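Residue strings, one per chain:
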Amino acid sequence: MAKDRKISGWSWDLFISDDEKLIATSNGRNGIYVYDLETLKPVLKTKTVSYVGYVAVSPDRKRVAAKNTSGLLALLSMETGEEICRNKMAEGEGYLMTFTDDSKYVLDLDHWGRTMLLDTENHFSMLDEGFQDKDGHTLFSYLHYDRFSRNIYKIVDRGHGYKCAAAMVTPADKDHISYKVIREFQGPAPNHLMGISFCKEKNYYLTSDKKQIVATDKNFQEIERIPLPFKDEEAYRYIRKIWVSPGEKYAFISMGGTDSALFELSSMKLVREFEYECLADFKMIEKDSKYIISTWLGTYIGNI
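Predicted model only: the values in this text are computed from it and were never measured.

Definitions and cut-offs
Every chain is numbered on its own, with residues counted from 1 as its sequence reads. In keeping with the predicted nature of the model, local features appear solely for residues at pLDDT of at least 70, side-chain atom pairs appear and are counted solely at 80 or more, and the whole-chain, interface and lining totals rest on all residues. In computing side-chain values, all of the structure's heavy atoms are included and hydrogens and water are not. Think of it this way: DSSP has to see at least two bridges between two strands before they count as a pair. Secondary structure elements are taken from DSSP: a helix is a run of H or I of four residues or more, a strand is a run of E of two residues or more, and numbering for both begins at the N terminus. Axis angles are defined between N-to-C directions and span 0 to 180 degrees, where every axis is a line fitted to C-alpha atoms and, for a helix, only to the segment in contact. We define the nonpolar core as a collection of buried residues of types Ala, Val, Leu, Ile, Met, Phe, Trp, Tyr and Cys that are connected through side-chain atoms lying within 4.5 Å of one another. Exposure is judged per residue with a 1.4 Å probe applied to protein chains only, and the accessible area is read against the type maximum: over 50% gives exposed, under 20% gives buried, and values in between give partly exposed. Contacts are assigned to residue pairs with any non-hydrogen atoms lying within 4.5 Å of each other. Any pair of Phe, Tyr and Trp rings, taking the six-membered ring for Trp, is counted once the centres come within 6.5 Å. Such a pair is stacked with planes under 30 degrees apart, edge-to-face with planes over 60 apart, and tilted for the rest.

Enquirer: Break down the sheet that holds strand 22 (residues 241–244) for me, with residues and values.
Expert: Taking strand neighbours across the sheet as the criterion, the 4 strands line up as 22-23-24-25 in an open arrangement whose pairing is antiparallel. In this open sheet, the two edge strands, each paired with only one partner strand, are strand 22 and strand 25 (270–275). Here the strands of the sheet are splayed against their neighbours by 15 degrees on average, with no regard to which way each runs. Taken together, the 5 bridges between strand 24 (residues 259–264) and strand 25 define a ladder with antiparallel strand orientation. Within the sheet, the bridge partner assigned to Ala261 lies in strand 25 and is Glu273.

In structure tokens, the structure reads:
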């Protein structure tokens, strides 16, 4: 079995370009990296705001966005690595941002359910303010941009003005951001910390008892449940997070510590076990033939 190749940096949610040619990471401090995914040679290495959490590249390959753990967003030149501008946005930690198709704007998402916009001239605007309780406190929401459906999903628990937890969606269109409920959950909302995967055809999430993967359509309407393969009840206690590959061929399961494993999704047959510590994210590219495992110690790339 060929040894996995390593690149510098990591992320809780790796940026991979739509054509799967580029990957972006950070060192968790102020260093950011963009690599060519075919050669694994660096396209850009530069420094920016402190404590970078997420990095994204514009479709035209001219700009890079870097966001830190305080929500401070910087735009940089892909050619020179020099900073173009920086903006405090709503001053809240958040999720992976995305450029609009014309590369002129960045759609930014934070932990408080706010959807924001920054242009290349450093103009900030709030597109959706999220939810507030009766005392005016902004409530936590999980937001995710799905590059396959070109939608932004919002997952909220009870207490956001609804009688139960709900999944909401809006087109990722800067001029038409309007979240609409597509499913109400009878129990708790899917927990993104245990894994919600937005794949090419379906969405997936782990049940709260960690024993099944739920497959849904893009409107979160349930299609089927896939039992996990463990015979020992004790094993379910150790599951930390599950990712389903974009082509929906595989499920990657983190068991905590250094233990993780890749399974065929349809049969739950074991494909390969891994021993990487401090695991942060998992992705697959090239029709689910190549995997990318991001850890605090670096990002590893290998073939099935």
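So, next bit.
Enquirer: Could you give me a rundown of the nonpolar core, with the residues and numbers involved?
Expert: Val34, Val57 and Val64 are the most contacted members of the largest nonpolar core, which has 30 residues in total. Counting residues per element, the ones that place at least two in this core are strand 3 (22–26), strand 4 (31–36), strand 6 (52–57), strand 7 (63–68), strand 8 (73–77) and strand 12 (115–119). Considering each element in turn, this core owes the most residues, 5 residues, to strand 6. Excluding residues that lie within four positions of it along the chain, Val34 makes contacts with Leu22, Ile23, Ala24, Lys41, Pro42, Val43, Leu44, Val57, Val64 and Met78. Of all hydrophobic cores here, the second largest spans 27 residues; its members include Leu117, Phe131, Val169 and Tyr205.

Enquirer: Let's hear about the packing of aromatic side chains: which residues, and what values?
Expert: The final tally for this structure, using the stated rule, is 19 aromatic pairs. Geometrically, the ring pair formed by Trp243 and Phe252 is tilted, given 5.8 Å between the ring centres and 50 degrees between the ring planes. A single burial state applies to Trp243 and to Phe252, both of which are buried. With a centroid separation of 4.2 Å and an interplanar angle of 20 degrees, the aromatic rings of Tyr276 and Tyr300 are classed as stacked.

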